[in-house]
Amino acid sequence: MNTLDEQYMRLAITTANDARLRSRPNPWVGAVVVSSRGEVFTGATLEPGNAHAEIVALNAAGKNAAGATLFCTLEPCSHTGRTGPCTQAIIDAGISRVVVGTIDPDTKVFGSGVQQLRNTGITVDVGVLEHDVRTQLAPYLHHRSTGRPFVVLKLASTIDGCIAAADGSSKWITGEIARKRVHQLRAESDAIVVGAGTVRADNPSLTVRDVHGPSPRRVVLGAVDASAQVHPCTQWTGTLPDLLDTLGKEGVVQLLVEGGARVAASFHRERLINQYIMHIAPVIAGGDNAAGVFAGPAAATMSDMWRGRVVSTTNLDGDIEIILEPNLN
């Protein structure tokens, strides 16, 4: 693989980080234009209804786009929605080569963008740093492929697996940095779900604080009092699969599950979780009369246990964040 291609695609991936909190439900895409003289211009997707990353980068390049190479993390769109097709803008700008991280699974694109560019004689290469791009865009790719939001379960526990003390108190198991990370996850999610029991016990607001970003839509499993701080919220009494189908149709790309042990267990047992984010504190409850991470019966045998893969581990000022995902096979 071309080392320069990787270098510029890495820059496109980094640039895309700027769009993570503003572009949804559109994908957070990064683009880089490299002129024939080696000048570099970058762009990231703006708010819905505004320019996509490719257009931002092309506008920055201006006349320098003629004969240039465009790097973009996701296949350029070829249809007219709230904005015009990026492929036509690329053609009109005189771009000679396009390097794409991964194909867009959205049915309105899905290869047609690449084909349209190739039909006009533009060289298109696909798959540069594809694993990295797909990791960055995992919630979007999942949503467009399945119609459901990417479900992230966040849990905080002692090192011996308890989420509260024997008296039910849980503030605070983890430290300040871990709690700030949770607010980052909220800002990156379109909706957040908890159980009615958590609302009654803790009366949380579930808003974003301590970090910059929008607060997610709030969903409660069950009914709660009209005075609860979680309002305005959606109160859901149907099944979890139906909830995911409904939220997916309503444009929820990522759903953060912050419920208690029963809610966590419900999503887990129905195999609805795409990513587990565990915050493990250097704290020991030291007994068996405190609430565990999951409520209800455990796996009956070793062969019944869920086995995933560790994606990353991070030290959050003493607390350890472990990210788990289901096995790929």
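Each remark here, short or long, concerns the structure printed above.
Residues numbered from 1 in each chain as written. Predicted model: local features only at pLDDT ≥ 70, side-chain atom pairs only at ≥ 80, totals over all residues. Heavy atoms only, no water.

### Notes on the pattern of salt bridges
Part 1 of the argument: The final tally for this structure, using the stated rule, is twelve salt bridges.
Part 2 of the argument: When the shortest N-O distance is used, the salt bridge between Asp5 and Arg97 registers 2.6 Å. In this pair, Asp5 is assigned in helix H1 (residues 3-16) and Arg97 in strand E4 (residues 97-102), connecting sequence segments 92 residues apart.
Part 3 of the argument: For Asp132, the salt bridge goes to Arg10, with nearest N and O atoms at 3.0 Å. Of this pair, Asp132 sits in helix H5 (residues 130-136) while Arg10 sits in helix H1, and the two are 122 residues apart along the sequence.
Part 4 of the argument: Assessed through its relative accessible area of 28%, Asp132 is described here as partly exposed.
Part 5 of the argument: Among the ionic contacts, a cluster of salt bridges with common partners joins Asp5, Arg97 and Asp125. (Salt bridge = Lys/Arg side-chain N within 4 Å of Asp/Glu carboxyl O. Helix = DSSP H or I, 4+ residues; strand = E, 2+ residues; numbered from the N terminus. Buried < 20%, exposed > 50% of the residue type's maximum accessible area, 1.4 Å probe, protein only.)

### Topic: the packing of aromatic side chains
Part 1 of the argument: Tallied over the entire structure, the rule returns two aromatic pairs.
Part 2 of the argument: Between Tyr8 and Phe71, the aromatic rings sit 5.3 Å apart at their centres with planes inclined by 45 degrees, giving tilted as the arrangement. Residue Tyr8 is found in helix H1, and its partner Phe71 is found in strand E3 (residues 69-74); the two are separated by 63 residues along the sequence. Summarising the burial analysis for this pair, Tyr8 and Phe71 share the class buried. (Phe/Tyr/Trp six-rings, centres within 6.5 Å; stacked < 30°, edge-to-face > 60°.)

### Some details on the pairing of strand E10 (residues 254-257)
Part 1 of the argument: Residues of E10 alternate between two faces, with Gln254 and Leu256 on one and Leu255 and Val257 on the opposite face, all of them buried.
Part 2 of the argument: Across four bridges, the pairing between strand E6 (residues 150-158) and E10 is parallel. In the sheet register, Phe150 faces E10, and the bridge partner there is Gln254.
Part 3 of the argument: Pairing analysis gives three bridges linking strand E7 (residues 191-195) to E10, with the strands arranged parallel. (Pairing = 2+ DSSP bridges.)

### Concerning helix H2 (residues 53-61)
Part 1 of the argument: Among the residues of H2, those classed as buried are Ala53, Glu54, Ile55, Ala57, Leu58 and Ala61.
Part 2 of the argument: Lining the buried residues of H2 we find strand E1 (30-34), strand E2 (40-44), E3 and helix H3 (86-93).
Part 3 of the argument: Backbone geometry just after H2 places Gly62 at a positive phi near 60 degrees. (Contact = heavy atoms within 4.5 Å.)

### Quick look at the sheet that holds strand E12 (residues 308-316)
Part 1 of the argument: Strand order in the open sheet made by the eight strands is E9-E8-E7-E10-E6-E11-E13-E12, with mixed pairing throughout. Two strands bound the open sheet, and with one partner strand each, they are strand E9 (234-236) and E12. Ignoring strand direction, the axes of neighbouring strands in this sheet form an average angle of 20 degrees.
Part 2 of the argument: Taken together, the three bridges between strand E8 (residues 217-221) and E9 define a ladder with parallel strand orientation. In the sheet register, Val219 faces E9, and the bridge partner there is Thr234.
Part 3 of the argument: Running over the sheet, helix H7 (residues 176-188) touches E6, E7, E10, strand E11 (275-281), E12 and strand E13 (319-326) and is turned about 165 degrees from E11.
Part 4 of the argument: Sitting on the sheet, helix H9 (residues 240-249) is in contact with E6, E8, E9 and E10, with an inclination near 165 degrees to E8. (Axes fitted to C-alpha atoms, helices over the stretch in contact; angles between N-to-C directions.)

### Looking at the packing of H3 against helix H4 (residues 112-119)
Part 1 of the argument: Two elements in contact, H3 and H4, have axes separated by 10 Å at closest approach and are oriented at 25 degrees. In terms of orientation, H3 lies roughly parallel with respect to H4. Viewed along their axes, H3 and H4 form a crossing whose handedness is right-handed. Note on element contacts: H4 touches H3 through Gly113, Gln116 and Leu117, opposite Thr87, Gln88, Ile90 and Ile91.
Part 2 of the argument: Class assignment of the residues belonging to the contact of H3 with H4 gives a composition of three nonpolar, four polar and no charged. (Parallel < 35°, antiparallel > 145°, perpendicular 65-115°, else oblique. Left-handed = near helix turned anticlockwise from the far one by under 90°. Nonpolar A, V, L, I, M, F, W, Y, C, P; charged D, E, K, R; others polar.)

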